[in-house]
Amino acid sequence: MPRSGKKFVVQNGGDAEIEVARARGNYVYDSRGKKYIDFVMGWCVGNFGWGRPALRRRVHAFDGPDYVYPGYAYRPWRELAQLLVGLAPDGLTRCCRATGGSEAVELALQAAMLHTGRKKFVALEDAYHGNTLGALSVGDGDDEVRVLSVARLEPPLDRDALDRLEMRLKRRDVAAVIMEPISINLSVLIPEAEFMEGLVPLCHRYGTLVILDEVATGFGRTGKLFACEHYDVQPDLMPIAKAATGGAVGIGGLLLREDLAETLEEDGNVYSTYGWHPLSVDVAITNVRWIKRNQTRLLRQVERMSNYFADRIREMPFEEEPELRVRGLAIAVDVRDEKYAERVAKKCRARGLLLDPQESVLLMLPALNVDRATAKGGLDILEACL
Ligand SMILES: Cc1ncc(COP(=O)(O)O)c(C=O)c1O
């Protein structure tokens, strides 16, 4: 018998026992009125808190067209694309419209296949890039749904990993390497600089493209606007989504090089019925402009709070000393015991704190503008639940 949250609705894992009624700032309220501090924030969606008045106002006041046919021109599409291109790493000069992260990843895979004439990929072991068949193939999807041929690169991502990768690239049949520049899905896996900075030249030597998936890391999560900025690296393709609209509406996009965009225009298919719906675009423009204007202050605050979280967690009495991986406000505490992680997360929830247990890791993705008092409140609950 499905639990109440899963009646009629198909859901994997997660926490369908929480029935969300409202969300504001750093808090989620369930249908019984219980208030939770949210250290998950929809998994990198609500990067600047829920219910931001500026975004809600745009949603309510929107007076543009209900819909624009994807074959027409629409000025706000151009404005948003220009805004994103202006923030993206050098060389990414165009943007494809998408409804969300998976579609943006699919577009990247499509562009890579068309441009190189190759069908094979390399991805990180156990990665996640979305739920469409291409994305599942480069992710941790079941073998039965794998439609692309994908070789796996195992961490650690260091000099040796570059050598292992080169062995595979030498066959000159790999269209692209796809990975998150800092992998939130692999519990904040942080590649060594030598790996990231060697990756693009190595791939290009063998005619392979590099897709850096910033769907989760984009818009400040790791303390830089995009996680690839932690390194001297310029991807060929960069899918984005999640925090672009802060959750008020949905959107996705693929930033890419000019020549790759031309390939997609000439030989590919970028038609997306609801990709960049006018309302989503309006909210995304408002949100991304605000992030751009306040970038320095916001990222400084991420740095401060990142140190605060790390310092507090280091002093907490876990059963065993955990491994802590932190970049900005992407925080993974590996408590080395899956049952313990689950138990702690459950206790935290009962006391009003939401965090995400992933195997033996307690993953925390708080709002990037979380204030000290709320952060302290959440961390006090965590400490009391150990
Ligand atoms: C790194 C990464 N790429 C792609 C996706 C897929 O995005 P969406 O769920 O918007 O399709 C996700 C979703 O969690 C993700 O974390």
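What counts, and where the lines are drawn
- Residues numbered from 1 in each chain as written.
- Predicted model: local features only at pLDDT ≥ 70, side-chain atom pairs only at ≥ 80, totals over all residues.
- Heavy atoms only, no water.
- Domains from an automatic or database assignment.
- Buried area = accessible area lost by both parts, 1.4 Å probe.
- Salt bridge = Lys/Arg side-chain N within 4 Å of Asp/Glu carboxyl O.
- Polar contact = N/O pair within 3.5 Å; in protein donor to acceptor, adjacent residues only side chain to side chain.
- Helix = DSSP H or I, 4+ residues; strand = E, 2+ residues; numbered from the N terminus.
- Nonpolar A, V, L, I, M, F, W, Y, C, P; charged D, E, K, R; others polar.
- pLDDT = per-residue confidence, 0-100.
- Pairing = 2+ DSSP bridges.
- Axes fitted to C-alpha atoms, helices over the stretch in contact; angles between N-to-C directions.
- Contact = heavy atoms within 4.5 Å.
- Buried < 20%, exposed > 50% of the residue type's maximum accessible area, 1.4 Å probe, protein only.
- Expected span 1.5 Å × (residues − 1).
- Bend = angle between axes of the 7 residues up to and from the residue.
- Right-handed = clockwise from strand over helix to strand, strands pointing away.
- Near = heavy atom within 4 Å.
- Areas by Shrake-Rupley, 256 points an atom, 1.4 Å probe, with all protein chains shown as cover.
- Parallel < 35°, antiparallel > 145°, perpendicular 65-115°, else oblique.

Focus: the domain arrangement of the chain
Quoted interface sizes are often the accessible area lost when the parts come together. Considered domain by domain, the chain is made up of domain 1 (4-52 + 296-384) and domain 2 (59-289). Here domain 1 and domain 2 share an interface that buries about 1800 Å² over both sides, 58% of which is from carbon and sulfur atoms. Inspection of the region where domain 1 meets domain 2 yields zero salt bridges. Our count for the contact surface shared by domain 1 and domain 2 stands at nine residue pairs in polar contact (both at pLDDT 80 or more). Sorting the residues of the side of domain 1 that touches domain 2 by element identifies α1 (41-44), α9 (278-314), β11 (323-327), β12 (330-334) and β15 (361-364) as the ones contributing at least two each. Grouping the amino acids of the side of domain 1 that touches domain 2 by side-chain chemistry returns 17 nonpolar, four polar and three charged.

Things to note about the confidence of the model for the chain
With 98% of its residues at a pLDDT of 70 or more, the chain has an overall mean of 96. Across the chain, the secondary-structure element scoring lowest on mean pLDDT is strand β14 (residues 356-358), at 94, and the one scoring highest is strand β8 (residues 209-212), at 99.

Thoughts on the sheet that holds β12
Across a sheet, paired strands are connected by hydrogen bonds in the backbone, their directions being either parallel or antiparallel. Reading across the sheet, the four strands line up as β11-β12-β15-β14 and stay open at both edges, with antiparallel pairing between neighbours. With partners counted over all chains shown, the strands left at the sheet margins are β11 and β14, one partner each. Strand-to-strand twist of the sheet, defined as the mean angle between neighbouring strand axes without regard to direction, takes the value 20°. Here five bridges tie β11 to β12, and the two strands are oriented antiparallel to one another. Residue pairing in the sheet places V326 in a bridge with I331 of β12. With respect to the sheet, α9 is in contact with β11, β12 and β15, its orientation differing from that of β11 by roughly 175°.

Looking at the pattern of salt bridges
Pairing is possible between side chains of opposite charge, provided their charged atoms come close. Applying the stated rule across the entire model yields 20 salt bridges. R94 serves as the salt-bridge partner of E265, at 2.5 Å between the closest nitrogen and oxygen. Taken together, the residues E265 in helix α8 (residues 258-267) and R94 in strand β4 (residues 94-98) connect sequence positions 171 residues apart. According to the relative accessible area criterion, R94 is partly exposed, its value standing at 25%. With its nearest N and O atoms 2.7 Å apart, the salt bridge here joins K376 to D380. Here D380 and K376 lie together in helix α11 (residues 372-384), a separation of four residues that amounts to about one turn. One network of salt bridges, with partners in common, ties together R312, K376, D380 and E383.

Focus on helix α7 (residues 193-205)
In this model α7 runs 19 Å from its N-terminal to its C-terminal C-alpha over 13 residues, within 8% of the 18 Å that 1.5 Å per residue would give. Helix geometry: α7 is bent most strongly at L199, by close to 35°, with proline P201 lying one to four residues after it. Of the residues making up α7, those classed as buried are F195, M196, G198, L199, V200, L202 and C203. Of the surrounding secondary structure, the elements contacted by the buried residues of α7 are β6 (149-153), α6 (159-169), β7 (174-179) and β8. Where α7 ends, the next residue or the one after it, G207, has phi of about 75°, a positive value.

Things to note about the pairing of β6
Where strand β5 (residues 120-124) meets β6, five bridges bridge the pair, whose relative direction is parallel. If you follow K120 over to β6, its bridge partner there is S149. For the handedness criterion, the β-α-β arrangement of β5, helix α5 (residues 133-138) and β6 is classed as right-handed.

Things to note about the site of the ligand
As a matter of local geometry, the ligand sits amid G100, G101, S102, Y128, H129, G130, E180, N185, D213, V215, A216 and K242. The backbone of G101 places a nitrogen or oxygen atom 2.8 Å from an oxygen atom of the ligand. In the environment of the ligand, an oxygen atom lies 2.5 Å from a nitrogen or oxygen atom belonging to the side chain of S102. In isolation the ligand exposes 390 Å². Once the protein is present, 81% of that is buried.

Some points on the packing of helix α4 (residues 101-116) against α8
With their axes 9 Å apart at the nearest point, α4 and α8 run at an angle of 90° to one another. With respect to α8, the axis of α4 lies roughly perpendicular. Contact residues: L107, Q110, A111, L114 and H115 in α4; D259, L260, T263, L264 and D267 in α8. Split by residue class, the contact of α4 with α8 holds five nonpolar, three polar and two charged.

Section: the side chain of T217
Here T217 is to be found in the loop between β8 and β9 (237-240). Setting aside chain neighbours within four positions, we find T217 in contact with E180, P181, I182, I184, T222, L225 and A227.

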